[in-house]
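# Reading the structure
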Amino acid sequence: MFNLMDRLIFNSLDKLYKFYSKKELGYQLAQLNQPDTRYKTLLKEVEGVYKEILLTDLPDYDEVRTDLLFKLLGTSVSEALYIVNYLHKSLPLSGDICEFGVAQGATSALMAYEIQKTDKTIWLFDSFAGLPQPSAKDTLKDDIFNLGSMDAYRGTMLTAVDLVQKRLNDINFPSERTQIIPGFIEKTIQSSEFS
């Protein structure tokens, strides 16, 4: 039952977002990263349904969270609500929060916002140079940019560190609790700082 409900909610949000993104007004809203009242109301309702039925540890409604959910780019609202729920479940544990593959930092900002009232640090790992050269094991599953091959994706999806930092600054997340680690994970994780 939960999988069906999850799919129904996701499909509804996805259709609404696609509708807005195809319209000039929707395009402008997406560029400004400001949800209109209808979309914001829908997100609030979706949060409530998830909290009531699926994700009972999801914190109470928060307007800033709703704005951050609207700004997500590669993470669906459903996925983000799961992240928020399980992040809150883990808050009593010792340790910090890590994200591997930051992209534009929208999910990073959401997670940072959720840990803002703790003393946890957020560690953000990304190459900031786009995707690496694909290995022989990599296969093209979803050609989202219609490039035709895995090799064509090398160097795509890059984002500047400054954009990620700006997203964190926009929510007033403390810079002293932010660690942005540029580089491919195979190399950065082996540094003496993490050993």
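Residues numbered from 1 in each chain as written. Predicted model: local features only at pLDDT ≥ 70, side-chain atom pairs only at ≥ 80, totals over all residues. Heavy atoms only, no water.

## A word on the packing of helix α5 (residues 77–90) against helix α6 (residues 106–114)
- It is at 10 Å that the axes of α5 and α6 come closest, and there the two elements cross at 30°. In terms of orientation, α5 and α6 fall into the roughly parallel class. Note on packing geometry: the crossing formed by α5 with α6 is right-handed. Together, A80, I83, V84, L87 and H88 of α5 and T107, L110, M111 and E114 of α6 make up the contact between the two elements.
- Residue classes in the contact of α5 with α6 are distributed as six nonpolar, two polar and one charged. (Axes fitted to C-alpha atoms, helices over the stretch in contact; angles between N-to-C directions. Helix = DSSP H or I, 4+ residues; strand = E, 2+ residues; numbered from the N terminus. Parallel < 35°, antiparallel > 145°, perpendicular 65-115°, else oblique. Left-handed = near helix turned anticlockwise from the far one by under 90°. Contact = heavy atoms within 4.5 Å. Nonpolar A, V, L, I, M, F, W, Y, C, P; charged D, E, K, R; others polar.)

## So, the confidence of the model for the protein chain
- Residues of the protein chain with pLDDT of at least 70 account for 80%, and the chain-wide mean is 83.
- The least confident element of the protein chain, judged by mean pLDDT, is helix α2 (residues 24–32) at 43; the most confident is α6 at 97.
- Taken as a whole, residues 20–32 scores under 50 in pLDDT and shows eleven contacts with residues more than four places along the chain or in a different chain. (pLDDT = per-residue confidence, 0-100.)

## Regarding the side chain of T107
- Assignment of secondary structure puts T107 in helix α6.
- T107 gets classed as buried once you look at its relative accessible area, which sits at 9%.
- With residues up to four places along the chain from it excluded, the contact list for T107 reads L72, T75, I83 and E99. (Buried < 20%, exposed > 50% of the residue type's maximum accessible area, 1.4 Å probe, protein only.)

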